[in-house]
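Per-entry structural report
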Amino acid sequence: SSGQRTRIGLVKLLLSKPDVLLLDEPTNHLDIGSIEWLEGYVKRYPGAVIIVSHDRMFLDHVVDEIAEIEFGKVRIWPGSYTQFVKAKEDWLEKNHDAYMRQQEQIRNMEALIEKFRYKKNKAAFAQSKIKQLDRMERIEDSKSDRSRMKARFTSARPGGKRVLETDHLQAGYESVLADATFTLMKGERLGIVGPNGTGKSTFMKTIAGKLPPLSGTFRWGHQVDLGYFDQDTAQDTGTGTVIDELWDVAPNATQTEIRSTLASFLFTQDEVFKDISDISGGERVRLALAKLMLAHDNVLLLDEPTNHLDIPAREALEDSLKDYDGTVVFVSHDRMFLEKSATKILEIRDGKTTLFDGGYADYLEGRAEPVQEETRAAEKKPAARASFQDQKALKNRIRKLEELIGQEEEKLEAMHELRYEPEYYQDYRKMEELDAQIDDQHNAIAALYREWEEKLAQVEEAEE
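No experiment lies behind these values; they were computed from the predicted model shown. (Residues numbered from 1 in each chain as written. Predicted model: local features only at pLDDT ≥ 70, side-chain atom pairs only at ≥ 80, totals over all residues. Heavy atoms only, no water.)

1. Side note on the packing of helix H4 (residues 81-116) against helix H5 (residues 123-135)
As a reminder, the rule being used: Every axis in this analysis is a line fitted to C-alpha atoms, fitted for helices over the stretch in contact. Angles between the N-to-C directions lie between 0 and 180 degrees. Helix and strand definitions follow DSSP, with helices as H or I runs of at least four residues and strands as E runs of at least two, each counted in order from the N terminus. In this scheme, roughly parallel covers angles under 35 degrees and roughly antiparallel covers those over 145, while 65 to 115 is roughly perpendicular and the rest are oblique. Rotating anticlockwise by less than a right angle from the far helix to the near helix defines a left-handed crossing, while the corresponding clockwise rotation defines a right-handed one. Here, residues are in contact when the closest pair of their heavy atoms is within 4.5 Å. Each residue receives one of three labels: charged for Asp, Glu, Lys and Arg, nonpolar for Ala, Val, Leu, Ile, Met, Phe, Trp, Tyr, Cys and Pro, and polar for the others, Gly being one of them.
Where H4 contacts H5, the two axes come as close as 9 Å, and the packing angle between them is 150°. With respect to their mutual orientation, H4 and H5 come out roughly antiparallel. Crossing angle aside, the handedness with which H4 passes H5 is left-handed. Residues Gln105, Ile106, Met109, Glu110, Leu112, Ile113 and Phe116 of H4 form the contact with H5, whose participating residues are Ala123, Phe125, Ala126, Lys129, Ile130, Gln132 and Leu133. A breakdown of the residues in the contact of H4 with H5 according to their chemical character gives ten nonpolar, two polar and two charged.

Shown next as C-alpha cells:
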C-alpha cells in the first residue's frame, strides 16, 4: 500500500543515518501510530532535519522554527507552527500600524516641504526635510497571501433526527475487518480512526452502499441524501475539462454560477478550461469537493478528504464542516483536522470498533490505560493537619506566589514583544538567545505555579 511504501522509504533513509534529513511530506499515507513514531524519531534525531509538511500537529510536535515561503521570499520564524501563526498575525498587525504611521509622517513632511521650499528664509529648513525623507528607511505595508478555498456545504432538505443505525454490521472482504453497533444522530461529526489496513475505507464503502456487508445490518434514516467522497474517485483521470466536470453535476446552472463555484475552489480564469488529466492531486481533491458542495446532500461521507490539500485548504474545509447543517462521517489521519471537526470518534482495531464521545483529545484520554483506584490510593500520602500558624504561613506564601507569578508573566510578555524588534528577528543568534531566555522564563513560571498548587492543596485539605 501507499503507507507501506512510505514506511519502507523512511526505513531506508533512516538506516543510512545522514547528517541532514530532507523530508518532503513524510506523513502522507501514514496512519496515526506511524506518524507518532516518526515524531519521536525526528525529535531525537542528532542531525539537522528540514521538513515540508501540511500536517500541522506534526509540525507543532517536531519543529523549532518555520521557514515560510510567500511572494517569492523566505522568512524564518522561531517556534512551532501554532506559534508561527500567532507571531505572524501579530507581526502583520504591528507592521501595518508602523507603515500607516510612517505614511502619515511622510505626508506631513511633504506638506511642510511644499509650503516652505520657495520661501527664502525657510528654504534651508525645506532642504533638510527633503534630505530626511531621502534617508528614511521605508516600511513596506504588510501583505499575506489570503487566497484560500471558500467551501460552503449546505443541505437541500433537513432529513430526520436519527441518521444511521448499525447492528453488528460486519464490513470486509473475505474476513471481517470491522464489526460495528452504534447510532448516529443529526448534526454529529463522526471521525473514524485506526491503523492502516484495519478496514476504515472498507467500512465507509459498506455504509455508502458500494460493498455488501458480510453480516449484520445498517439503516439510513428518513430523507437521507448521501454525498460520498473517496480518494480513488477524486484522483480518477477524466476526459473533459474542469468546467465540464462541474457542469455535469449541475446541468441547469448558468456559466456564471459554475465559474463562481470554481473560483471558490481556486479555479480562476483559464484554469477552468484545463483538461482533467492535466490538473494536480490537490486540484482534483478541490474539484471533487466542489462537485460534492453543489449536490447539497444532508449527510457527507468523506474518506481522507485532506490528502493533497495544503494547510489553508484544510483550514477552509474545517470551517465549512463546522458551519454545515448536515451530518458528517469521515476517515482521517490528520489529527488537527480530527480535533477541530469530530464530535465523536469511532476506532477500528483488530476487527472491533469502539465509540468515543468527544473530539480527538477526548479519544486520546479515553483510550489511555485507566489508573486503578487502588494505585491512586496507594500513591496518596496522608498529610498531617496543619496548625493555625502553619495555615497562616501557607496563605501568606500563596499570596506572595500570586504576586511573583504576575510579575514573572509580565517579564515573559516583554520578552515576547522583543521578538518583533528588528534587532532580534533580523539576527538569528540573538533570536536563539532570546528563545532560550523565554524557555527559562516559562520554566520559572511553571515552578511557581507548581508550588502555588501544592500550597493551595495543603490549605484546602487542612480546612476540610
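2. A closer look at the sheet that holds strand E5 (residues 162-172)
Heads up, the rule is: When DSSP locates at least two bridges between a pair of strands, those strands are taken to pair.
Read from one edge of the open sheet, three strands run E6-E5-E8, paired in antiparallel fashion. Looking at strand neighbours, the two that pair on one side only are strand E6 (176-185) and strand E8 (215-220), the edges of this open sheet. Strand after strand, the sheet turns through a mean of 15° between neighbouring axes, direction not considered. Looking at chain direction, E5 and E6 are connected through eight bridges and run antiparallel. Its bridge partner lying in E6, Gln170 is registered against Asp179. Helix-sheet contacts for helix H6 (residues 200-207) involve E5, E6 and E8, and the interaxial angle to E5 is about 125°.

3. Some thoughts on the pattern of salt bridges
The line we're drawing: A pair is scored as a salt bridge if a Lys or Arg side-chain nitrogen falls within 4 Å of a carboxyl oxygen belonging to Asp or Glu. Exposure classes here rest on a 1.4 Å probe applied to the protein chains alone. A residue is buried below 20% of its type maximum, exposed above 50%, and partly exposed in between.
If you walk through the whole model with that rule in mind, you get 21 salt bridges. Glu39 serves as the salt-bridge partner of Arg335, at 2.5 Å between the closest nitrogen and oxygen. Placement of the pair is Arg335 in helix H12 (residues 335-341) and Glu39 in helix H2 (residues 32-44), with a sequence separation of 296 residues. The pair Arg335 / Glu39 is uniform in exposure class, with both members buried. Ionic contacts of the salt-bridge type, sharing partners, join the residues Arg56, Arg314, Glu318 and Asp334 into one network.

4. Regarding the packing of aromatic side chains
Our working definition: Only Phe, Tyr and Trp rings take part, Trp by its six-membered ring, and two of them pair if their centres are within 6.5 Å. Stacked means planes under 30 degrees apart, edge-to-face means over 60, and tilted covers everything else.
The final tally for this structure, using the stated rule, is twelve aromatic pairs. Plain terms: the ring middles of Phe330 and Phe337 are 5.2 Å apart, the flat faces sit at 75° to each other, and that makes the pair edge-to-face. An identical accessibility class is assigned to Phe330 and Phe337; each is buried. A ring pair is formed by Tyr449 and Trp452, whose centres lie 6.3 Å apart and whose planes are at 85°; its orientation type is edge-to-face. Residue Tyr449 and its partner Trp452 are located together in helix H17 (residues 428-463), separated by three residues, close to a single helical turn.

5. Some thoughts on the confidence of the model for the protein
For the record, the criterion: The predictor attaches a confidence to each residue, and that confidence, scored 0 to 100, is pLDDT.
Confidence in the prediction for the protein averages 85 pLDDT; 93% of positions are at 70 or higher. Counting contacts from residues 369-386, a segment whose pLDDT is below 50, to residues more than four positions away or on other chains yields six contacts.

6. Digging into helix H8 (residues 242-249)
The line we're drawing: As used here, the arc is the angular range of directions from the helix axis to the C-beta atoms.
Restricting attention to buried positions, one finds in H8 the residues Val242, Ile243 and Leu246. Take H8 and look down its axis: the buried residues cluster within an arc of 95°, on one side only. Lining the buried residues of H8 we find helix H9 (255-264) and helix H10 (281-295).

7. Observations concerning the sheet that holds strand E9 (residues 226-229)
Spatial ordering of the open sheet is given by E9-E10-E11-E7-E12-E13, a layout of six strands whose pairing is mixed. Strands with a single pairing partner mark the edges of an open sheet, and in this sheet they are E9 and strand E13 (352-357). In this sheet, adjacent strand axes meet at a mean angle of 15° when their direction is disregarded. Pairing between strand E7 (residues 189-193) and strand E11 (residues 327-331): four bridges, direction parallel. Following the sheet pairing, Gly191 is matched in E11 by Phe330. Those strands touched by helix H13 (residues 360-367) are E7, strand E12 (344-349) and E13, and its axis lies near 50° from that of E12.

8. Quick word on the nonpolar core
Under the convention used in this document: Take the buried Ala, Val, Leu, Ile, Met, Phe, Trp, Tyr and Cys residues and link them wherever side-chain atoms come within 4.5 Å; each set so joined is a nonpolar core.
Among the nonpolar cores identified, the biggest contains 42 residues, and Phe153, Leu262 and Leu289 are the most heavily contacted of them. Here the element with the most residues in this core is H10; it accounts for seven residues. The residues contacting Leu262, other than those within four sequence positions of it, are Val242, Ile243, Leu246, Phe267, Val272 and Leu287. The next biggest cluster of nonpolar side chains, apart from the first, holds 23 residues, and it includes Leu21, Leu38, Tyr81 and Phe84.

9. Considerations on the packing of H8 against H9
Across the interface, H8 lies against H9 with an axial gap of 10 Å and an inter-helix angle of 110°. In terms of orientation, H8 lies roughly perpendicular with respect to H9. The element H8 and its partner H9 pack so that their crossing is right-handed. Contacts between H8 and H9 involve Val242, Ile243, Leu246 and Trp247 on the former and, on the latter, Gln255, Ile258, Arg259, Thr261 and Leu262.

10. Some thoughts on empty space enclosed by the protein
Note the following rule: Detection works on a 1 Å grid of protein atoms alone, calling trapped sets that fit a 1.4 Å probe cavities and calling open sets with protein on both sides within 12 Å along at least five of seven lines pockets, with lining residues defined by an atom within 4 Å of a point. Grid points are joined across faces, edges and corners, and a volume is the space filled by probe spheres set on the points.
Under the defined criterion, the tally for this structure stands at one cavity of 30 Å³ or more. Its boundaries defined by the atoms lining it, the largest cavity holds a volume of some 60 Å³. Lining the largest cavity are 13 residues, and of these Pro158, Gly160, Val163, Asn298 and Val299 sit closest to its centre. Taken together, the residues that form the lining of the largest cavity break down as four nonpolar, seven polar and two charged.

11. Quick word on H5
The test is simple: A helix is expected to span 1.5 Å for every residue after the first.
For H5, spanning 13 residues, the distance from its first C-alpha to its last is 19 Å, which sits close to the expected 18 Å at 1.5 Å a residue. Ala126, Lys129 and Leu133 are the residues of H5 that are buried. Along H5, the residues classed as buried sweep out an arc of 60° about the axis, all on the same side. Residues of H5 that are exposed and angled more than 90 degrees away from the buried face: Ala124, Lys131, Asp134 and Arg135. Against H4 lie the buried residues of H5.

12. A closer look at a negative patch on the surface
Worth spelling out the cut-off: A patch is a set of surface residues, each over 30% in relative accessible area and not in a salt bridge, joined within 9 Å for like charges and within 5 Å for the nonpolar side chains Val, Leu, Ile, Met, Phe, Trp and Tyr. To be clear on the numbers: accessible area is Shrake-Rupley with a 1.4 Å probe, and residue cover counts the displayed protein chains and nothing else. Charge convention: Lys and Arg are scored as positive, Asp and Glu as negative, and His as well as the terminal groups of each chain are ignored. To locate a charge, take NZ of a lysine, CZ of an arginine, CG of an aspartate or CD of a glutamate.
On the surface, Asp64, Glu65, Glu432 and Glu433 cluster together into a negatively charged patch. Mapping Glu432 onto the fold places it in helix H17.

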